[in-house]
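Inside the fold
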Amino acid sequence: MRRPGTPARLPRWGPRPAGKARRLRISAQLHASIVACERCPRLRTYCQGVARDKKRAYRDDTYWGRPVPGFGDADGRVLLLGLAPAAHGANRTGRVFTGDGVGGSGDFLMSALNRAGFANLPTSHHPEDGLRLHDVYIAAAVRCAPPDNKPARAEITTCLDHLDAELTQLPNLRVVVALGRIAWDAWFQLMARRERVMPRPIFGHAVVWHPPSGPEASPGKGWPIAKPTIVGAFHPSRQNTNTRKLTPAMYDQVFGRTLPELLRAR
Ligand code: SF4
């Protein structure tokens, strides 16, 4: 058994696009445009207030306090789509699913990714912790921490422009894992900018939605990429994990079995 903190073996789930060294982030220009975004005054005010007032446990930290871009393997085939930064997690550290406390959502998610071979560490504590993702890029539907983790519908709609822009820089994307119903709905809202999906599939854990096959699944029709398959997964919030609504075995089902099968097939 591998000790925590030692690198995971790379998964071998079928051909991975060959060629140049992997890009471990989106372009500096896109990154900067997300970080500088001020389009939602309510969220910007909230994030700056949290960064100023801080939590007692983090009073010596310098909070990020700005929008949080995606993180991970920009040449990867998998996009994990979360909801939004946590006020004292990613809003503090500047990296998605990072720093929301020992045993928080970042650790729960990274532990599952590590077991499945998508991450070299089973924890996600700070941006210099050495965490590296393999074949996976993580982003959030909303890039600024919202009060009570509840973004307004208009804020989701506005912020999807950033995900839309990131898609153009994820050329190998094949599978999107939506972490929670809001992320699931946000993804289909983004799809609806290009085409109608009727009826819109209902979110559920381990639910898989395949795009239409044939020419329609190819880039074109406004899609910068081949349309990905969508997988639903419960969000790894403490509310879900502490109540056992979501268990490690349920994430192993998605990341250790469903996802590898889908990648082999695409
Ligand atoms: S939530 Fe998104 S669109 Fe709104 S200010 Fe933050 S980064 Fe900009």
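Quantities reported herein were computed from a predicted structural model and do not represent experimental measurements. (Residues numbered from 1 in each chain as written. Predicted model: local features only at pLDDT ≥ 70, side-chain atom pairs only at ≥ 80, totals over all residues.)

With that settled, consider the environment of Gly180. Looking at where Gly180 falls in the secondary structure, it is placed in the loop between β4 (175–179) and α6 (181–191). According to the C-beta neighbour criterion, Gly180 is buried, with 22 such atoms within 10 Å. Excluding residues within four positions of it along the chain, Gly180 makes contact with Leu83, Phe234 and His235. (Helix = DSSP H or I, 4+ residues; strand = E, 2+ residues; numbered from the N terminus. Buried ≥ 20, exposed ≤ 12 C-beta atoms within 10 Å, placed from the backbone. Contact = placed C-beta atoms within 7 Å.)

For the protein chain, per-residue confidence averages 89 on the pLDDT scale, and residues scoring 70 or more make up 87% of the total. A low-confidence stretch, residues 1–10 stays under pLDDT 50, and its non-local contacts, those more than four residues away or across chains, total 11 contacts. (pLDDT = per-residue confidence, 0-100.)

Attention shifts here to helix α2 (residues 41–53). An ideal rise of 1.5 Å per residue puts 18 Å on 13 residues; α2 measures up with 18 Å between its terminal C-alpha atoms. Listing the buried residues of α2 in full gives Leu43, Cys47 and Val50. Seen end-on, α2 carries its buried residues on one side only, within an arc spanning 65 degrees. Those residues of α2 that are exposed and aimed more than 90 degrees away from the buried face are Pro41, Thr45, Gly49, Arg52 and Asp53. In this structure, the buried residues of α2 make contact with α3 (90–93) and α5 (153–167). Looking one or two residues past α2, Lys54 carries a phi angle of roughly 60 degrees, positive in sign. (Expected span 1.5 Å × (residues − 1). Arc of directions from axis to C-beta.)

All right, on to the nonpolar core then. Among the nonpolar cores identified, the biggest contains 67 residues, and Leu79, Leu81, Leu113, Ala141, Val177, Ala178 and Ala183 are the most heavily contacted of them. Considering each element in turn, this core owes the most residues, 6 residues, to helix α4 (residues 105–116). If near-sequence neighbours (up to four positions away) are discounted, Ala141 is found in contact with Leu81, Leu83, Ala84, Ile156, Cys159, Leu160, Leu163, Ile182, Ala183 and Ala186. (Core = buried A, V, L, I, M, F, W, Y, C linked by C-beta atoms within 7 Å.)

The strand order across the open sheet built from 6 strands is β1-β3-β2-β4-β6-β5, with neighbouring strands paired in mixed fashion. Two strands lie at the open edges of the sheet, namely β1 (71–72) and β5 (208–209), each paired on one side alone. As paired strands, strand β2 (residues 78–82) and strand β3 (residues 136–140) are joined by 5 bridges and run parallel to one another. The residue of β3 that forms the bridge with Gly82 is Ala140. Where α6 meets the sheet, its contacts fall on β2, β4 and β6 (229–233), and the angle it forms with β4 comes to roughly 135 degrees. (Pairing = 2+ DSSP bridges. Axes fitted to C-alpha atoms, helices over the stretch in contact; angles between N-to-C directions.)

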